[in-house]
Amino acid sequence: MCSFWYYYGKGLTNVYPDGNSKLAHSRRVFDNYDGVFKLANLGLIWLWGQSSLMVPTVWIPWMYHSGMSGSIISIASFVMTAILVYEIVKLMTGSKLGGLVASSIILTTLNLVYFATTPMTEPQIIASFALCGLAMIKFELAVKAKSQSLKWLVIAALSFGYAVNVRYDMWFMTAAIGFPLMALILWTNNVRGWEFVVKLGQIFSVPAVGVLGWILWQYLQTGQPFYFANGPYSAHQKDVVGLNQYDSVGNILVSIRTYISAVRWNFDDRVLVLAVGGALIYGTRFVLRKERLISPVFFAGICLFNVESLFSGQSTIAADTTHQLNIRYGLTVVIAIAVLYAYIPGVLSASSRCVVRYSGYLVAALAIGLATQSLVVQLSDPVKNTTVLTGYLTPDYYARVEMAECMAERYDNGGILIDVLPPANEPLTVESRINQSEFLTETYSQLWKQALAEPLYFTDWIYVSQGGDRVGDSIAQVPNFKSYYDKTSCSNSSGTLYLRKEEYRHHTRELHVEE
């Protein structure tokens, strides 16, 4: 909470357009142009997990405009993550002290501390990731002990089921990493035949329903089952195509190097070196059969996902001293780093040999000290302490804020036609503090299409982004548009707001909707 008030006081909790989009989607469930309760507004490109959790509080004006509706979820996820990694390392090594070392990494990773104050999905997906991993470890231990595993089978199923509805990362993690690992756990512990098939089915049927349900929803709404991946809102179109970021596409070495750069921007190099050391010790102990758990390999899978996304062109990262974009993608590996960083002190401090155990206590103390010092280093670094914000606190951002303030001051009634495809547009619907019910966007598909066909007959206000959008293309086709609408004082490098001339403001928005 202290971090939230710090960043909120600096106006940094609602900087990301993505976070504003999720707030807008959640608010539109009940505050929409149709004036009815519509769960369909929870999302079309963004998965519904984050937005659905904000519905109970987003109706409160301050919670909505400050982003606190999403921030409380992120704060809870942050705390949950620190607890979960403690449990994970304690199970792996038998050391509570090792668990504390892992938690210290979570609590001292500056960019994670920042994201825990925002309505972004990073803290939630990291917590979901940790919960899935813990459930897998518990399930593996139960299977090895030939004890009742149903409890953790159910928890694993529900964890994966929810995680795939938070971010698309978990689709890959569930299918490409979780499923093979769980199959290997069952097979190597002599669970075969129908029991093998049934247990895997019980675990992964829940996330499968979530994924297939979302694909069906995409098809019903857009006619394209993979609209989220290939449509105009997708990361591929907005970041890769829109920003001409093709360096890593089809080049595995560049993809790996780019992802490593993003990870390094989020963590102290010394912490990363010790985490790599922990991975080597874990691998060696596993080969020597001193380490019995294979499920922790799950945590490293997020690296494969990010490299694959860069290679296939589904996402992009820029991580150099002059240009930073999507650096936050390097943050989601924090669970693997925390667990591996704590693995060596955890193993040493759990030893039955007195000298080794006490040396483990010393190593653990040094590890916690290093984690704390790394936070100080990050705070003192003039670049890295704002890494996750670099690329967002730009002249374009301040122009957007200026536009939102102008819209709030000028708008009276009559509705605003706006295209929320451009990244800067949808945040305006939140930052302007105008009710979502006043905006006519593509979330109201039929009405939106009619409005694009005849923009003069639906709203008194029309917003066009500077870089061009579908609304701008539409009004460009209207003969004598400027005879009906005036360009307002709300005009800058972000876009322009038009207002219907007074003599033509005789139609009401309700009549337009009825028509």
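None of the values given here were measured: they were computed from a predicted structure.

### Quick look at unusual backbone geometry
Item 1. In this structure, R433 takes a positive phi of about 65° despite not being glycine.
Item 2. For R433, the location among the structural elements is in the loop between helix 20 (425–431) and strand 4 (439–440).
Item 3. Here R433 falls in the exposed class, since its relative accessible area comes to 55%.
Item 4. Even without being glycine, N480 reaches a positive phi, approximately 55°.
Item 5. As for its position among the elements, N480 is in the loop between helix 22 (470–475) and helix 23 (481–484).

### With respect to the nonpolar core
Note on soluble globular proteins: their nonpolar side chains tend to be buried together.
Item 1. Core analysis: the biggest nonpolar cluster contains 114 residues, and I106, M170, M182, F298, I335, I337 and I416 have the highest contact counts within it.
Item 2. At 12 residues, helix 8 (residues 122–144) tops the list of elements feeding residues into this core.
Item 3. Beyond its immediate stretch of four places on either side in the chain, I416 contacts M407, Y411, I434, E438, F439, L440, T459, W461, Y463 and L497.
Item 4. Within the second largest apolar cluster, 17 residues are counted, among which are Y444, A451, V464 and Y485.

### Re helix 2 (residues 17–27)
Item 1. Most of helix 2 is tucked away: 11 of the 11 residues are buried.
Item 2. For helix 2, the complete set of buried residues consists of P17, D18, G19, N20, S21, K22, L23, A24, H25, S26 and R27.
Item 3. In this fold, the buried residues of helix 2 make contact with helix 3 (48–58), helix 4 (61–66), helix 5 (68–93), helix 19 (395–410) and helix 20.

### Thoughts on the side chain of T81
Item 1. Within the secondary structure, T81 sits in helix 5.
Item 2. Its relative accessible area of 1% is what places T81 among the buried residues.
Item 3. When near neighbours in sequence (up to four residues on either side) are disregarded, T81 contacts I106, P123, I126, A127 and I335.

Parameters at a glance
- Residues numbered from 1 in each chain as written.
- Predicted model: local features only at pLDDT ≥ 70, side-chain atom pairs only at ≥ 80, totals over all residues.
- Heavy atoms only, no water.
- Helix = DSSP H or I, 4+ residues; strand = E, 2+ residues; numbered from the N terminus.
- Buried < 20%, exposed > 50% of the residue type's maximum accessible area, 1.4 Å probe, protein only.
- Core = buried A, V, L, I, M, F, W, Y, C linked by side-chain atoms within 4.5 Å.
- Contact = heavy atoms within 4.5 Å.

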